[in-house]
Amino acid sequence: MSGQAVAATASEQAASRAALMKLLFFAATLAFLPISSYFFTEKYIWSGNSLYAAITAICAANLVLVAYIILSLMEDQQSFKEAEERKLPDSKKQR
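Residues numbered from 1 in each chain as written. Predicted model: local features only at pLDDT ≥ 70, side-chain atom pairs only at ≥ 80, totals over all residues. Heavy atoms only, no water.

Under an unreviewed UniProt entry, the protein chain has the name Vacuolar ATPase assembly integral membrane protein VMA21 and belongs to Rhizopogon vesiculosus.

Here is the structure:
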C-alpha cells in the first residue's frame, strides 16, 4: 500500500470516529437533557405545573436536534471545501 493510501485510510477512520463520537454525544444529550429539564423545571421553576415543564422539555429536545443539524451542516461544508482544495492542484497538474 502506498503512503497516500495509508494516509487516506487513517484520515477516513479518524473522520468516522469523530462522527461516531459526535453522534454518541448528541444521543446521550438527547436522552438526558429533556428528562432532566422536565423534572428540574417542574420542581424548582414551575412549582409542580407539569404542562410548562413538558413544554420546557420539548424545547430542550428541539435545541439539541437543531444543534446537531447545524454542526452536521458546518462539518459537511468544511469537508466540501477541503475536497475542492484537493481538486484544484490536481486540475493544474493536468494542464
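## Quick look at the packing of aromatic side chains
Taken as a whole and judged by the stated rule, the model has 5 aromatic pairs. Ring centres of F25 and F26 lie 5.3 Å apart, and the angle between their planes is 80°; on these two criteria the pair is classed as edge-to-face. Judged by relative accessible area, F25 falls into the exposed class, the value being 53%. Arranged with centres 5.2 Å apart and planes meeting at 70°, the rings of F26 and Y68 form a pair that is edge-to-face. Placement of the pair is F26 in helix α1 (residues 3-45) and Y68 in helix α2 (residues 50-94), with a sequence separation of 42 residues. Ring-pair connections join several aromatic residues into one group, and the members of that group are F25, F26 and Y68. (Phe/Tyr/Trp six-rings, centres within 6.5 Å; stacked < 30°, edge-to-face > 60°. Buried < 20%, exposed > 50% of the residue type's maximum accessible area, 1.4 Å probe, protein only. Helix = DSSP H or I, 4+ residues; strand = E, 2+ residues; numbered from the N terminus.)

## Things to note about the environment of N62
Here N62 is to be found in helix α2. For N62, a relative accessible area of 43% corresponds to the partly exposed category. Considering only alpha carbons, one finds N62 and L30, 32 residues apart in sequence, at a separation of 9.0 Å.

## Digging into unusual backbone geometry
Look at S47: it is not a glycine, yet its phi comes out positive at around 55°. With respect to the secondary-structure elements, S47 resides in the loop between α1 and α2.

## Quick look at the UniProt feature "transmembrane region" (unreviewed entry) in the protein chain
This chain's UniProt record puts "transmembrane region" (unreviewed entry) on residues 20-39 and 51-71. A helix fraction of 100% and a strand fraction of 0% characterise residues 20-39, whose end C-alpha atoms lie 29 Å from each other. (UniProt positions renumbered as here; feature names shortened; annotations may be inferred.)

## Concerning the side chain of S37
Assignment of secondary structure puts S37 in helix α1. Given a relative accessible area of 12%, S37 falls into the buried group. In contact with S37, not counting residues within four places along its chain, are T56, A57 and A60. (Contact = heavy atoms within 4.5 Å.)

## Some words on the side chain of K22
Positionally, K22 belongs in helix α1. For K22, the side chain forms a polar contact with the side chain of S72, separated by 3.4 Å. Dropping the residues within four chain positions of it, K22 is found in contact with Y68, L71, S72 and E75. (Polar contact = N/O pair within 3.5 Å; in protein donor to acceptor, adjacent residues only side chain to side chain.)

## Let's talk about the pattern of salt bridges
Tallied over the entire structure, the rule returns 1 salt bridge. The closest approach of N and O atoms between K22 and E75, which form a salt bridge, is 3.1 Å. Note that K22 is positioned in helix α1 and E75 in helix α2, a separation of 53 residues in sequence. (Salt bridge = Lys/Arg side-chain N within 4 Å of Asp/Glu carboxyl O.)

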